[in-house]
Amino acid sequence: MVVSRDRDVRQAHARDASGLELVPEGVARAASVEDVSELVRDAGASGTAITPAGSQTSMTGASITDRGLLLSLGQMNRILDIDPERRVARVDSGVTIGELNRALAAEGLQFAPDPTSEQDASIGGAIACNASGARSLHYGATRRHVRGLKVVHADGEIASYRRSHPEKNAVGYAAVQDPVDWFVGSEGTLGVVVEAELALVPLPAAPVGLAIPFPDERAALAFVVAARDRAASSASARMPLCLEYFDSQATMIAAAAAGSKWGNDAAALVYLEDDAGADGEVEDLLSYWLGMSEEAGAVTADIGVYQGAQPLREARSVRHAVPATMNERGALHRSEGGRKVSTDWAVPYQRLPEALALSRDAVERHSAPEPVTYGHAGNGHPHQNFIAENPEALRRIDAAIEETLRRVVEMGGIVSAEHGIGKLKRPWLALQLAPRQIALMHAVKNALDPTGMFAPGNLL
C-alpha cells in the first residue's frame, strides 16, 4: 500500500467533475482487497478519515475530500470473470464501464448503465451513486444490475453479499433484507466496495439512432410524452432504448463540437435509439418513428439517421459534447469563484414540460443566467447546466434551483435522479426526505461506520 503526502500527488486528486477543489491530506493507492482492509484497520486505529474514489467523475464532489485520505481504487481494475451463459461478470471496483463493455462486446453482451462518462467512470463509482444514463429508460439504473458485492467494513472486515431472489420474504424490516442495497447509492459512506458481480444484458441486435428536430420545445416534449404514453398503452407500440432532449443551446453546442449540422439549427431536438431486432426490420422502425414525428410537428426533412457501430458512436459523441463543453466553460471561471452548476432533478415524465416552464420562471425571477438544458426526457429527467461566472451568479443560480426543486418535489419528483447528493447537494436532501428518514440514514451510518470514518461530508 502506497500512501503519498506529496503536494503534487494530492493536488492531482483534488478535483472531480463537480467544479469543486478539495485537497486531501494524503492519497492512498490500493492494489488489492487486502491493501484496502489493512488501510481501513490502520485508519480506524488512528482516527483517520477515508474517502473512496475511482475515476473521480462525480458531479457532486463525492469523490474528493480535504479530510483525511483519498483512497484511489483505480489500480484495482481487473475483470475477474465473464460468464456468457449466466450473463454475469465479476470485476474489481476500479474497472471502468468502457473497459468492461469493450471486453463484453465479443460475447454480444453489455453492462447496461451508460452514464455520460462511461468511458472513464468506474464500476465502483457507478455503484456508489446508483448511476444510470440515456439507456436507463429501457434498462433501469445500476442497482438493478448489481447481483453481489465484496465490501471492506469500518473494522477492516472483508464481507461478501449476494442477492437472494425468493418469491416471498417475511424476515425483518424490508430495509435490511438485502445488504447489497445498503451500498448501492451510499456514495462511499458505509464501506469500501472492492468487487462487484454484475448482471449483463444482450447488445441490441440492430440499433438505430434518430436525431429529430422540432420547431420549438413544446412540440419536442409533446413528442416525448406521446412516445412514452403510446408504449405504455399499446403492445404494438415501440419502446425506445433512450429518449434524449436538447434545447436550442444544447443543439448548437453539440453541432459545433461535432462539426456537423446536428438538427440543422433546430429550436429543439429529440435523439432516440431503438432496436430493429434480430430480424433487422429497420424499415418498420423508421416508418413508425417518422409517423410519430409527423404527428408531433417535427421538421421531418432534417431527421438524422444513425445506423451501424461507427455512426452510432458519432451520434453519442455529439450528445456527450454538451456536458463536456459546459465543463470547459465552467472551468474558465474557477479563479473568480465561479463554476458549472448542474441540476439532476426528475419528475414524472408527463409533467416535464410543466416543470421546465416553472424552472425557467424561477431563473428569471432570481436573475440567474439561462441554463443549457438537455438529457433524459424519456425519464422526466433533464440536466440544466448553468455557468456561474462569480460567487454572486452562483448565489442567484442556487436560489433559482432551490425554488425549482421545491416545485419538483411537490410534483412527485426527485432532487437527484442519477448523480447522487455528494457534498454539493446536501442542502437539498431535506427538501426530499422527512426528518425521520434522515434520522434513519444517520442510524444506518452509525451502525456500519460508528466513527464516521468513510467519506465525511457526503450525503450527511
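Model, not experiment: these values are computed from the prediction.

Caption draft 1: Highlighting the environment of serine 359. With respect to the secondary-structure elements, serine 359 resides in helix α11 (residues 352-365). A relative accessible area of 1% places serine 359 in the buried class. When near neighbours in sequence (up to four residues on either side) are disregarded, serine 359 contacts Trp345, Gln384 and Thr404.

Caption draft 2: Structural view of the nonpolar core. Phe214, Phe223, Leu243, Trp289 and Trp345 are the most contacted members of the largest nonpolar core, which has 51 residues in total. With seven residues, the single largest contributor to this core is helix α12 (residues 391-410). In this view, phenylalanine 214 contacts Ala219, Ala220, Phe223, Ala266, Ala267, Ala268, Val270, Ala296, Gly297, Ala298 and Val299; residues no more than four positions away in its chain are not counted. Among the nonpolar cores identified, the runner-up in size contains 27 residues, and Val95, Ile127, Val184 and Ala196 belong to it.

Caption draft 3: Local environment of the sheet that holds strand β2 (residues 26-29). The strand order across the open sheet formed by four strands is β1-β2-β4-β3, and the pairing between neighbours is mixed. The open sheet has two free edges, formed respectively by β1 (2-4) and β3 (50-53), since each of these has just one partner strand. Shown here is a sheet whose adjacent strand axes are inclined to one another by a mean of 25 degrees, direction ignored. Both β3 and strand β4 (residues 69-72) contribute to a ladder of four bridges, which runs parallel. Each bridged residue has a counterpart across the sheet, and for threonine 51 the counterpart in β4 is leucine 70.

Caption draft 4: Quick look at the environment of leucine 210. Structurally, leucine 210 can be placed in strand β12 (residues 207-214). Distance from leucine 210 to proline 179, taken between C-alpha atoms, is 40 Å for residues 31 residues apart in sequence.

Caption draft 5: Focus on the sheet that holds strand β9 (residues 158-162). Strand order in this open sheet of five strands is β5-β6-β10-β8-β9, and the pairing throughout is antiparallel. Edge positions in the sheet fall to β5 (79-83) and β9, since each has one partner strand and no second. Recorded for the sheet is a direction-independent mean angle of 10 degrees between the axes of neighbouring strands. As paired elements, β5 and strand β6 (residues 88-92) share four bridges and run antiparallel to each other. Each residue of the ladder has a partner; that of isoleucine 82, found in β6, is alanine 89. Seen against the sheet, helix α2 (residues 33-46) touches β8 (146-152), β9 and β10 (192-199) and runs at an angle of roughly 50 degrees to β8. Where helix α3 (residues 97-105) meets the sheet, its contacts fall on β5, β6 and β10, and the angle it forms with β5 comes to roughly 40 degrees.

Reading guide: rules and limits
- Residues numbered from 1 in each chain as written.
- Predicted model: local features only at pLDDT ≥ 70, side-chain atom pairs only at ≥ 80, totals over all residues.
- Heavy atoms only, no water.
- Helix = DSSP H or I, 4+ residues; strand = E, 2+ residues; numbered from the N terminus.
- Buried < 20%, exposed > 50% of the residue type's maximum accessible area, 1.4 Å probe, protein only.
- Contact = heavy atoms within 4.5 Å.
- Core = buried A, V, L, I, M, F, W, Y, C linked by side-chain atoms within 4.5 Å.
- Pairing = 2+ DSSP bridges.
- Axes fitted to C-alpha atoms, helices over the stretch in contact; angles between N-to-C directions.

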